[in-house]
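Next come the chains, spelled out residue by residue.
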Amino acid sequence: MSDYWSKLVHTLDPYVPGEQPKISNLIKLNTNENPYGPSPKVLHALKAESTDKLRLYPDPGSDKLKQAIADYYNVKPKQIFVGNGSDEVLAHSFQALLKHDKPILYPDITYSFYPVYCGLYQIDYETIPLSKSFGINVDDYRKPNGGIIFPNPNAPTGVGLALDSIKQLIENNPDSVVVIDEAYIDFGGNTAITLVDQYPNLLVVQTLSKSRSLAGLRVGFAIGNTQLIEGLERVKNSFNSYPVDFFAAAGAIAAFEDESYFQQTLKKIINTRDKLTADLKNLGFEVLPSQANFVFTRHPDKDAATISQGLREQDIIVRHFNKERIDQFLRITVGTDKECEALISALTSQQL
Ligand SMILES: *Cc1c(COP(=O)(O)O)cnc(C)c1O
């Protein structure tokens, strides 16, 4: 606390990211990173950027990257916004598209960065409870609002929402922007990017951090109607002209160009997720149906915080949220087969 702080800073309750421990040899299943490295073509592209050209500023418009994403998703470059990770893209979306007179709506259990952006940008919000089975019921979002946002599949539950329901939600709310945060969509959902030409109030946000193994490079993007994108560009150009550096742009372009590597890693992760789910169920855990690269699980008789602590003593880190409704759940990132086997074996041998 300091008297030098602005009034706003005194009110902030910042996001706390999952731990990035400095010790090696840990089995790190707490932040939904990809257990496989990026495509070798990405690493090659990054090396090629390491030249004297770094004395120059990068392209403020990120034109080449936008073109690569446009080609991949069959949309126009003007329908694309790019940023320093999707967290930055989301932040600009709150300020540019979700800050209106009425409160915005999002689920009670969801990405915990949303309330933080509301605090930073002074946006009112109302949370809408998920169903008993942790699903989103789009009819619950039929009320006056300044915008709607949620991840699909949702985080930290992993539960997906069908495209038909998303269409219904958008049609029920023609005067609001609906932001779908698709951080995990590649692991099993259907993207709403196919709907952006149909609905001028739909913004789809994605990241290269999870399915494309590039959390450390920081690239995220949004796809939507050109007017929504123009609003985001106005905020971005009032904040930082160069959020995507030479390395980030080149690495991201190369990632989109290596489809076969992408498909291979996705397939491995989905197979491991299915195996991990079955193994946890064998140990008596309840596991929510996941379309993501993590599972959300609880044991009927064992305390989640105790299990998490016990795993940590075995050098395995998972994520526990000390929050109403989900404090008996653990969110476990799908690692390699070997990492998931070590987790199951620790749960079994330590009787956690
Ligand atoms: C990981 C995650 C993001 C942020 O990803 P970036 O690394 O900032 O691109 C956004 N939304 C959800 C729901 C996430 O889990």
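Note that residues are indexed from 1 along each chain, following the sequence as it is written. Owing to the predicted nature of the model, reporting of local features is limited to residues with pLDDT of at least 70; listing and counting of side-chain atom pairs is limited to 80 or more, with chain, interface and lining totals taken over all residues. With hydrogens and water excluded, all non-hydrogen atoms of the structure serve as input to the side-chain values.

A closer look at the layout of surface pockets
For step 1, the next point in the chain: We place a 1 Å grid over just the protein atoms. Points where a 1.4 Å probe fits but has no way out form a cavity, open points with protein on both sides within 12 Å along at least 5 of 7 lines form a pocket, and any residue with an atom within 4 Å of a point lines it. Grid points are joined across faces, edges and corners, and a volume is the space filled by probe spheres set on the points. As a volume, the largest pocket reaches approximately 570 Å³.
For step 2, the next point in the chain: Together, 30 residues line the largest pocket, and Y15, T31, D87, Y111 and K210 are the ones closest to its centre.
For step 3, the next point in the chain: Note on conventions: DSSP H or I runs of at least 4 residues are helices, E runs of at least 2 residues are strands, and numbering of each starts at the N terminus. Per-element tally for the lining of the largest pocket: the top contributor is helix α4 (residues 86-98), with three residues.
For step 4, the next point in the chain: When residues are sorted by character, Ala, Val, Leu, Ile, Met, Phe, Trp, Tyr, Cys and Pro go into the nonpolar class, Asp, Glu, Lys and Arg into the charged class, and all the rest, Gly among them, into the polar class. For the lining of the largest pocket, the class distribution of residues is 12 nonpolar, 11 polar and seven charged.
For step 5, the next point in the chain: The residues that make up the lining of the largest pocket include at least three from each of domain 1 (2-37 + 260-349) and domain 2 (40-258).
For step 6, the next point in the chain: In terms of lining, the second largest pocket is formed by 26 residues, of which the most central are P14, Y15, F113, V116 and Y117. Here the bounds of each domain stem from an automatic or database domain assignment.

Observations regarding the nonpolar core
For step 1, the next point in the chain: Residues I69, L202 and I223 are the most contacted members of the largest nonpolar core, which totals 54 residues.
For step 2, the next point in the chain: Top element by residues in this core is helix α8 (residues 246-257). It accounts for seven residues.
For step 3, the next point in the chain: Residue contacts for L202: discarding those within four places in its chain leaves I170, V178, I180, A192, L195, V196, I223, G224, N225 and L228.
For step 4, the next point in the chain: Grouping buried Ala, Val, Leu, Ile, Met, Phe, Trp, Tyr and Cys residues that are joined through side-chain atoms within 4.5 Å yields what is termed a nonpolar core. Partly exposed residues are those whose accessible area sits between 20% and 50% of the maximum for their type, while under 20% is buried and over 50% is exposed, using a 1.4 Å probe and protein chains only. L29, A155, V295 and L352 belong to the second-largest nonpolar core, a separate cluster that totals 31 residues. Contacts were defined at the residue level, with two residues in contact if any of their heavy atoms lie within 4.5 Å.

Re the sheet that holds strand β12 (residues 330-333)
For step 1, the next point in the chain: We call two strands paired when DSSP finds no fewer than two bridges between them. Judged by pairing direction, the sheet is antiparallel, and its three strands sit side by side in the order β9-β10-β12 without closing on themselves. Single-partner strands in this sheet number two, and they are β9 (286-287) and β12.
For step 2, the next point in the chain: Relative to strand β10 (residues 294-298), β9 runs antiparallel, the two sharing two bridges. Along β10, the bridge assignment pairs E286 with R298.

A few points about helix α9 (residues 259-282)
For step 1, the next point in the chain: Expected span of a helix, by definition, is 1.5 Å for each gap between consecutive residues, and there is one gap fewer than residues. For α9, spanning 24 residues, the distance from its first C-alpha to its last is 35 Å, which sits close to the expected 34 Å at 1.5 Å a residue.
For step 2, the next point in the chain: For α9, the complete set of buried residues consists of F262, T265, L266, I269, T272, R273, L276, T277, D279 and L280.
For step 3, the next point in the chain: Residues of α9 that are buried in the fold lie against α3 (63-73), β9, β10, β12 and α11 (337-349).

Brief notes about the packing of aromatic side chains
For step 1, the next point in the chain: Centre distance within 6.5 Å is the pairing criterion for rings of Phe, Tyr and Trp, where only the six-membered ring of Trp is used; planes under 30 degrees apart are then read as stacked, over 60 as edge-to-face, and the remainder as tilted. Scanning the model with the defined rule gives 18 aromatic pairs in all.
For step 2, the next point in the chain: With a centroid separation of 5.8 Å and 65 degrees between ring planes, the pair formed by Y15 and Y111 is classed as edge-to-face. Of this pair, Y15 sits in the loop between α1 (7-11) and β1 (27-29) while Y111 is found in the loop between β3 (104-107) and α5 (113-121), placing the two residues 96 residues apart along the sequence.
For step 3, the next point in the chain: Working rule: Lys NZ or Arg CZ, within 6 Å of ring centre, within 35 degrees of ring normal, means a charge sits over the ring. A cation over an aromatic ring shows up here: R212 above the ring of Y72, its NZ or CZ 4.9 Å from the ring centre.
For step 4, the next point in the chain: Seen from the ring of F294, R331 lies directly overhead, with NZ or CZ sitting 5.7 Å from the centre.

A word on the site of the ligand
For step 1, the next point in the chain: Only heavy atoms are used to decide nearness, and a residue is near a molecule or strand if one of them lies within 4 Å of it. Around the ligand, a shell composed of 13 residues is seen, among which S86, Y184, T207, S209 and K210 lie nearest.
For step 2, the next point in the chain: A distance of 2.6 Å is found between an oxygen atom of the ligand and a backbone nitrogen or oxygen belonging to S86.
For step 3, the next point in the chain: We define a polar contact as two N or O atoms separated by no more than 3.5 Å, with the added condition that, inside protein, one atom must be a possible hydrogen donor and the other a possible acceptor, whereas residues neighbouring each other in sequence contribute only through side-chain atom pairs. For the ligand, a nitrogen atom lies 2.7 Å from a polar atom in the side chain of D181.
For step 4, the next point in the chain: For the ligand, the accessible surface in isolation is 390 Å², of which the surrounding protein chains cover 93%.
For step 5, the next point in the chain: Cavities and pockets are treated as containing a molecule whenever more than half of the molecule's atoms lie within 2 Å of their grid points. In this structure, the ligand is accommodated by the largest pocket.
For step 6, the next point in the chain: Here the shell around the ligand takes three residues from α4, the largest share from any one element. For every accessible area listed, the method is Shrake-Rupley and the probe measures 1.4 Å; residues are considered covered only by the protein chains on display.

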